[in-house]
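Structural overview
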Amino acid sequence: MSTRKCFLMFQSNPIIVAVRNPKDIYDAVASDSQIIFLLSGNIYNLKKMVDYVNHAGKYAFVHLDLLKGYAQDNYFIKYLKEEIHPAGIISTRNSLVTRAKQEGLMTVQRLFLLDSSAMDVSISSAKKIKPDAVEILPGLVPKIIQNVKKELSIPIITGGFIETEDEVRSCIDAGAISASTSYKPLWNSLASIKEGLNFPQEVTEKN
């Protein structure tokens, strides 16, 4: 899927539901958001969760770094695409993001921006790999969002400790397109958050 199509998908979902506990998958699917980040899973329950999301007509993104019971290599990415059928993946690992792109999965590269050095390395990596989107943590610092947006012409998702509608709006006003949250009271706030939002301009891919 092209970055433009991903942009439109994320833009229409300023709240992304992040599921840390598999038991929350039912509330996640029942929520307003069409995008669900699966931040847990193992060899026994991953396919069941992804199937449940897919059957509801929603988009499941699997966080590869947090899975248990799978060997995370090229064969696993191929198996994930052909047998489990998520819409996309999330990972901090360059090799996994690259391989998932090759398999035609949507890709979200998670970046931990703990200091200026980490930011430089992360931005350099994202420019090289060109994922469909990046998720930056911590996500509640407008200056960090603005700095990343200056460097990357791909959608920015923010995550980490986002618990209020005002925090979501602040992230989007700073240049993010969506905010991921595991805070369940926000999962059905999509309509109210969309009201009055100043969405960033559509991004274009850099060569």
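Residues numbered from 1 in each chain as written. Predicted model: local features only at pLDDT ≥ 70, side-chain atom pairs only at ≥ 80, totals over all residues. Heavy atoms only, no water.

**Concerning the nonpolar core**
In terms of nonpolar packing, the biggest core is built from 27 residues, with Ile-36, Leu-38, Leu-46, Leu-64 and Leu-80 touching the most fellow members. Contributing elements (two or more residues each) for this core: β1 (15-19), α2 (25-30), β2 (35-38), α3 (46-55), β3 (59-63), α4 (74-84) and α5 (94-102). Core analysis: the next-biggest nonpolar cluster, separate from the first, contains 25 residues, Ile-123, Ala-176, Leu-186 and Leu-190 among them. (Core = buried A, V, L, I, M, F, W, Y, C linked by side-chain atoms within 4.5 Å. Buried < 20%, exposed > 50% of the residue type's maximum accessible area, 1.4 Å probe, protein only. Helix = DSSP H or I, 4+ residues; strand = E, 2+ residues; numbered from the N terminus.)

**Points about helix α7 (residues 142-151)**
Two residues of an α-helix separated by three or four positions point the same way, owing to the 3.6 residues in each turn. Among the residues of α7, those classed as buried are Ile-144, Ile-145 and Val-148. Each buried residue of α7 lies within a common arc of 100 degrees when the element is viewed along its axis, so the set occupies one face. For α7, the exposed residues set more than 90 degrees away from the buried face come down to Lys-143 and Lys-150. Buried residues in α7 make contact with α6 (116-129), β6 (133-137), β7 (156-159) and α8 (165-173). (Arc of directions from axis to C-beta. Contact = heavy atoms within 4.5 Å.)

**Considering the pattern of salt bridges**
As enumerated under the stated definition, the model contains nine salt bridges in all. For the salt bridge of Asp-27 with Lys-184, the shortest nitrogen-to-oxygen distance reads 2.6 Å. Placement of the pair is Asp-27 in helix α2 and Lys-184 in the loop between β8 (178-181) and α9 (190-194), with a sequence separation of 157 residues. Taking the shortest distance from any N to any O, the salt bridge between Glu-165 and Arg-169 comes out at 3.1 Å. Of the two residues, Glu-165 and Arg-169 both sit in helix α8, four residues apart, roughly one turn of that helix. Three or more residues joined by partner-sharing salt bridges are found here, namely Asp-24, Asp-27 and Lys-184. (Salt bridge = Lys/Arg side-chain N within 4 Å of Asp/Glu carboxyl O.)

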